[in-house]
Amino acid sequence: MSEKIPVTVLTGYLGAGKTTLLNRILTEQHGKRYAVIVNEFGEIGIDNDLVVGADEEVFEMNNGCICCTVRGDLIRILDGLMKRRGRFDAIIVETTGLADPAPVAQTFFVDDDVSSNAALDAIVTVADARWLLDRLRDAPEAKNQIAFADVILLNKTDLVSAEDLKTVASRIHTINPYARVHHTTNCQIPIAEVLDRGAFELDRILTLEPHFLEDEDHDHHHHGEAEHTESDGHGHSVHRQGGLVHHHDEDMQSVALSVAGDLDPERFIPWFSELTQREGQNILRSKGILAFKNDDNRFVVQGVHMLIDGKPQRAWEAAERRESRLVLIGRNLDAQNLRAGFEACVA
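Keep in mind that what you see is a predicted model, and the values were worked out from it rather than measured.

Visitor: Explain the confidence of the model for the protein here, please?
Guide: Should pLDDT be low for a region, the predicted coordinates there are not to be read in detail. For the protein, mean pLDDT is 76; residues scoring 70 or higher make up 72% of the total. Under a pLDDT of 50 for its full length, residues 50–56 has, in the predicted model, 21 contacts with residues more than four places off or in other chains. Counted against residues more than four places away or in other chains, residues 215–250, with its pLDDT under 50, gives 72 contacts.

Visitor: Got a minute to help me understand the nonpolar core in this structure?
Guide: Soluble globular proteins tend to bury their nonpolar side chains together. Of all hydrophobic cores here, the largest spans 45 residues; its most connected members are Ile37, Leu81, Ile91, Val93, Phe108 and Ile146. Among the nonpolar cores identified, the runner-up in size contains 21 residues, and Leu21, Ile25, Ile189 and Val194 belong to it.

Visitor: Looking at this structure, I do not really get the packing of helix 11 (residues 265–279) against helix 12 (residues 335–343). What am I missing?
Guide: In a packed pair of helices, the relevant descriptors are the angle between the two axes and the axis-to-axis distance. At a minimum axis separation of 10 Å, helix 11 and helix 12 run at an interaxial angle of 155°. Between helix 11 and helix 12, the angle is such that the two are roughly antiparallel. Two secondary-structure elements touch here, helix 11 through Phe268, Trp271, Leu275 and Arg278 and helix 12 through Asn337, Leu338, Gly341 and Phe342. Grouping the constituent residues of the contact of helix 11 with helix 12 by class yields 5 nonpolar, 2 polar and 1 charged.

Visitor: When you look at the environment of Glu28 in this model, what are you seeing that I'm missing?
Guide: Take Glu28: it is sitting in the loop between helix 1 (18–27) and strand 2 (34–38). By relative accessible area, Glu28 is classed as partly exposed at 29%. Sequence separation between Glu28 and Ile191 is 163 residues; the distance between their C-alpha atoms is 9.1 Å.

Visitor: Teacher, can you tell me more about the pattern of salt bridges here?
Guide: As enumerated under the stated definition, the model contains 16 salt bridges in all. Salt-bridge contacts for Asp264 lead to Lys293; the nearest nitrogen and oxygen are separated by 3.8 Å. Of this pair, Asp264 sits in the loop between strand 12 (252–260) and helix 11 while Lys293 is found in the loop between strand 13 (283–290) and strand 14 (297–304), placing the two residues 29 residues apart along the sequence. Owing to a relative accessible area of 9%, Asp264 belongs among the buried residues under this scheme. For Arg278, the salt bridge identified is with Glu279, shortest N-O distance 3.4 Å. For Arg278, a relative accessible area of 43% puts it in the partly exposed group.

Visitor: Honestly, the pairing of strand 5 (residues 90–94) in this entry has me stumped. Any pointers?
Guide: Walk down a regular strand and you will see the side chains alternate between the two sheet faces. Counting buried residues along strand 5, 5 of its 5 residues qualify, which places the element largely inside the surrounding structure. Going residue by residue along strand 5, you find Ala90, Ile92 and Glu94 tucked away on one face and Ile91 and Val93 tucked away on the opposite face as well. Here 4 bridges tie strand 1 (residues 5–11) to strand 5, and the two strands are oriented parallel to one another. When the bridges of strand 5 are listed, Leu10 appears paired with Glu94. Note: strand 2 against strand 5, 5 bridges, orientation parallel. Bridging from a neighbouring strand, Tyr34 pairs with Ala90 of strand 5.

Criteria and thresholds
Per chain, residue numbering runs from 1 following the sequence as it is written. Side-chain atom pairs in this predicted model are given and counted only at pLDDT of 80 or more, local residue features only at pLDDT of at least 70, and totals for whole chains, interfaces and linings cover all residues. Side-chain numbers here rest on the full set of heavy atoms in the structure, without hydrogens or water. Across the chain, each position has a pLDDT score giving the predictor's confidence in that residue, from 0 to 100. When checking whether two residues touch, look at their non-hydrogen atoms; a contact exists if any pair is within 4.5 Å. Side-chain atoms within 4.5 Å are what join buried Ala, Val, Leu, Ile, Met, Phe, Trp, Tyr and Cys residues into a set we call a nonpolar core. Only protein chains enter the calculation, and the probe is 1.4 Å; a residue is then buried if its accessible area is under 20% of its type maximum, exposed if over 50%, and partly exposed in between. In this analysis, axes come from line fits to C-alpha atoms, helices being fitted only over the stretch in contact, and the angle between any two N-to-C directions falls in the range 0 to 180 degrees. What counts as a helix is a DSSP run of H or I of at least four residues, what counts as a strand is a run of E of at least two, and both are numbered from the N terminus. Comment on the angle field: the value is read as roughly parallel under 35 degrees, roughly antiparallel over 145, roughly perpendicular from 65 to 115, and oblique elsewhere. As a working rule, the residues Ala, Val, Leu, Ile, Met, Phe, Trp, Tyr, Cys and Pro are called nonpolar, Asp, Glu, Lys and Arg charged, and the rest polar, with Gly in that last group. A carboxyl oxygen of Asp or Glu within 4 Å of a side-chain nitrogen of Lys or Arg is what we treat as a salt bridge. When DSSP finds at least two bridges between two strands, those strands are taken to pair.

Below is the structure:
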């Protein structure tokens, strides 16, 4: 039997820098061929455009990497990749920023077809040094992402003081004293430090969550456990299914805005700046690809709370439809008001 393909699960809360790390993997000439599976949260696709030029479910990069955008079941995508075996050396699964990594990791143990062909190599978590402490207080998923990590990139260290960085690192160590922690800016780290680490330790995961390997159908049929929801006492719901505990933030929402044609930058920039300053605490993540009038290049904007970064990307192609798309992920968002404001910026 041939050797199993190593799989890295890449996770991290919204805006931590996963896409930055993925772009490095997909563009650097590192001598390896990776199959990268990209997932996302929202009504319209943004991440697949932010990840260098992705526009199909499966496509190949010029360095030999393959990229997939998940629009269906993870197991189905993995099964399709296995048919292309030999064209890549390892698999990377990027989870949505709102995902608990436990169910993804579980896939590589409870599904026979997947486990016979692939082996979980490591869970790599990218953490935002500036906002991690806040997310650990209000987002159970963020804590799970840290707890399940084998390798942690404490990213955006240039945005915090040395004292605050020490506090964040200490908090990480309290949650997960086993993970290898790297301090990074813009995810600048040798690829070999985060991939092909062989760092996933099943014994430690079983210590964290003893029911990790219990198959959901097995539990339902033999233990009579139906899926049910309860409160964790902190405003979050807890879904229990098959022994696994899944946390969800019920007030988390995604607002997807899209208009055909160009935006007027003299309208959009003031509107978006005022919006993020006013609602920044509620807007966890913003990301968009915009068409500005009299500009031949696509403009990419990404933000975390009030921090916004925008820059020109590649030129719009002749056969490409010029449109502007913006996704906001957060809490207590007024979708109707946001849509009206966005549409008022049309040139």
